[in-house]
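Structural features, examined
Chain residues, written in single-letter form:
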Amino acid sequence: MPMDKTTRASNTGPANVRPRPKRRRTAAARNSNDPGKPPRKRPQRNQPGKFQQTLLLTGIEILGLSSAAVCAIILLLGYSAGQFSGTSFFGHLLPFTAGVLVLILAASVFLLGWWKLRQWLRRYSEFFMPVLSLSLALLTGWLVTHDQFSLAYGNFRTLVGGKEEAGRVTISHQVYAAYRRHDSAQLQKMVNRSQEYRQAIEDAARSFGIDAHLLHGIAATESSFIPRDSHDGGRGLFQITRVPEAVIAQARRRLNVEKIVLDNPRHNAFVAAATFKHYLAEMKDDLFLGLLAYNIGPANGGLRFIMQQYGATDFTTIQPYLQTLPRDYPIRVLAYSLAFRLWQQEGRLLAYEEGNNAIRIQRIGIPGLHAGL
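Calculation rules
- Residues numbered from 1 in each chain as written.
- Predicted model: local features only at pLDDT ≥ 70, side-chain atom pairs only at ≥ 80, totals over all residues.
- Heavy atoms only, no water.
- Core = buried A, V, L, I, M, F, W, Y, C linked by side-chain atoms within 4.5 Å.
- Buried < 20%, exposed > 50% of the residue type's maximum accessible area, 1.4 Å probe, protein only.
- Helix = DSSP H or I, 4+ residues; strand = E, 2+ residues; numbered from the N terminus.
- Contact = heavy atoms within 4.5 Å.
- Phe/Tyr/Trp six-rings, centres within 6.5 Å; stacked < 30°, edge-to-face > 60°.
- Expected span 1.5 Å × (residues − 1).
- Axes fitted to C-alpha atoms, helices over the stretch in contact; angles between N-to-C directions.
- Parallel < 35°, antiparallel > 145°, perpendicular 65-115°, else oblique.
- Left-handed = near helix turned anticlockwise from the far one by under 90°.
- Salt bridge = Lys/Arg side-chain N within 4 Å of Asp/Glu carboxyl O.
- Patch = residues over 30% accessible without salt bridge, like charges linked within 9 Å, V, L, I, M, F, W, Y side chains within 5 Å.
- Areas by Shrake-Rupley, 256 points an atom, 1.4 Å probe, with all protein chains shown as cover.

Our focus in this paragraph is the nonpolar core. Counting residues in each nonpolar core, the largest one holds 70 residues, and the members touching the most others are Tyr 179, Ile 201, Ile 218, Phe 225, Phe 238, Phe 276 and Tyr 294. Tallying contributions element by element places helix H15 (residues 328-346) first for this core, with 10 residues. Discounting residues that sit within four places of it in the chain, Phe 238 has contacts with Ile 201, Leu 215, Ile 218, Ala 219, Glu 222, Asn 268, Ala 269, Ala 272 and Tyr 294. In this structure, Ile 74, Ala 81, Phe 96 and Phe 149 belong to the second largest nonpolar core, which totals six residues.

And the structure:
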């Protein structure tokens, strides 16, 4: 039976029309139907300021923990080196090695405990761990100022420094002994006389990158700060004799003058600084040998030629031949240099043997040899 147009349209319509997709209701629409239900919060992304704060706090934590660890390692290894000092395998070397192993295990346990503590404390605040690490750093910093740490640090330097540190310790004890033998009244007069030439010496030292106290020590040894011409040809404040032409050229260039006048204390100081810098570089920055070369000068080919004849290469190998060389000259210079450093830092010349002055002086350090603690 034929269908009419109305029936045919009603039967075929739904098959040709696609259903519209349902629109998701927004939070506002859902809330309009249910006013009592709070809106959903979308997860917030880390803001740049929050990330920078976390990075800063983590950096402070690492810095404080690292500082505390360095001081603790120096203290423990230095103390162990002092306790187990010796060459016996079972009595000294093996116990020290076992102590190092125990230190490694203890450090591993500490780091594991720190990590667990960090995870727990971060639940409450991000500031706990940085504050705790800084507290540890301040505690170890406080320990650094004590004499026991100074002794442990000295043992640690000996442990790591080897032959170079052994030479430094040998020179240090000779310098301290020389300083102790000085008459304090005469030494004070020396310091007082030096004030007239202080500015010239400091300018020369700064120009050539030398410790000014070291240059004061050379002047004290050479002329006692009484400029004069000596019978052996020395002239002025530093008793300048023959120096390489390149040294004179450097001093002239730094002073910005056409001619060097050795009777002028400022010129004399610049020539001395340039000369000492020259010999120090020639001796590969070995302070003892640099001072020895400065004193010997170009005579007999200079110290470098003499060392080549003996087959000596450094402070240790030159020791057997120092009887024929002015070995006391570097020690006297360094003892005077120590006096000038003490005068500047303490305002007076400390008596080495009184009270706790010995450790205090050693902490201050010998100019050019070490910087102290």
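Each aromatic ring pair is summarised here by two numbers: the centre-to-centre distance and the angle between the ring planes. One pass over the structure, following the stated rule, counts eight aromatic pairs. Taken together, a centroid distance of 5.9 Å and an interplanar angle of 35° make the contact between Phe 110 and Trp 114 tilted. Separated by four residues within a single helix, Phe 110 and Trp 114 lie in helix H4 (residues 89-121), roughly one turn from each other. On the basis of relative accessible area, Phe 110 is assigned to the partly exposed category, the value being 43%. Using a relative accessible area of 9% as the deciding quantity, one classes Trp 114 as buried. An aromatic cluster of at least three residues, connected via ring pairs, comprises Tyr 197, Phe 225 and Phe 340.

Its location among the elements puts Thr 317 in helix H14 (residues 315-318). Residue classification places Thr 317 among the partly exposed positions, given a relative accessible area of 32%. Sequence separation of Thr 317 and Met 307 is 10 residues, and the distance between their C-alpha atoms is 9.2 Å.

Turning our attention to H15. End to end, H15 covers 27 Å across 19 residues, agreeing with the expected 27 Å (1.5 Å per residue, within 8%). Gly 347, located one to two residues past H15, shows a positive phi value of around 80°.

Looking now at the packing of helix H8 (residues 198-208) against helix H9 (residues 212-223). At a minimum axis distance of 9 Å, the contact between H8 and H9 shows a crossing angle of 125°. Taken as axis vectors, H8 and H9 run oblique relative to one another. Helix-helix and strand crossings are classified by hand; for H8 and H9 the assignment is right-handed. The residues of H9 that touch H8, namely those facing Arg 198, Ile 201, Glu 202, Ala 204 and Ala 205, are Ala 212, Leu 215, His 216 and Ala 219.

Right, let's get into the pattern of salt bridges. Close approach of charged atoms allows side chains with opposite charge to pair. Going through the model one piece at a time under the given rule, you end up with 10 salt bridges. When the shortest N-O distance is used, the salt bridge between Asp 203 and Arg 206 registers 3.1 Å. Residue Asp 203 and its partner Arg 206 are located together in helix H8, separated by three residues, close to a single helical turn. On the basis of relative accessibility, which here comes to 16%, the residue Asp 203 falls in the buried class. Arg 235 is the partner of Asp 263 in a salt bridge, and the nearest nitrogen-oxygen pair spans 3.2 Å. Of this pair, Asp 263 sits in the loop between helix H10 (245-255) and helix H11 (265-282) while Arg 235 sits in strand S2 (residues 235-236); the two residues are 28 residues apart in sequence, bridging distant segments of the chain. Connected through salt bridges with shared partners, the residues Asp 203, Arg 206 and Arg 266 form a single ionic network.

Glancing now at a nonpolar patch on the surface. Where nonpolar side chains cluster on the molecular surface, the patch consists of Leu 117, Trp 120, Tyr 124, Phe 128 and Leu 132 and spans about 490 Å² of accessible area. Of all the secondary-structure elements, those providing two or more residues to the nonpolar patch are H4 and helix H5 (128-144). If you trace the backbone, Trp 120 turns up in helix H4. With relative accessibility at 43%, the residue Trp 120 sits in the partly exposed group.

Summarising the element assignment, Ile 210 is placed in the loop between H8 and H9. Along the chain, Ile 210 and Ala 273 lie 63 residues apart, while their C-alpha atoms are 7.4 Å from each other. Those residues in contact with Ile 210 that lie beyond four places of it in its chain are Ala 205, Ala 273, Phe 276 and Lys 277.

Tracing the sequence through the fold places Asn 357 in helix H16 (residues 357-364). Beyond its immediate sequence surroundings of up to four residues, Asn 357 is in contact with Leu 350, Ala 351 and Tyr 352.

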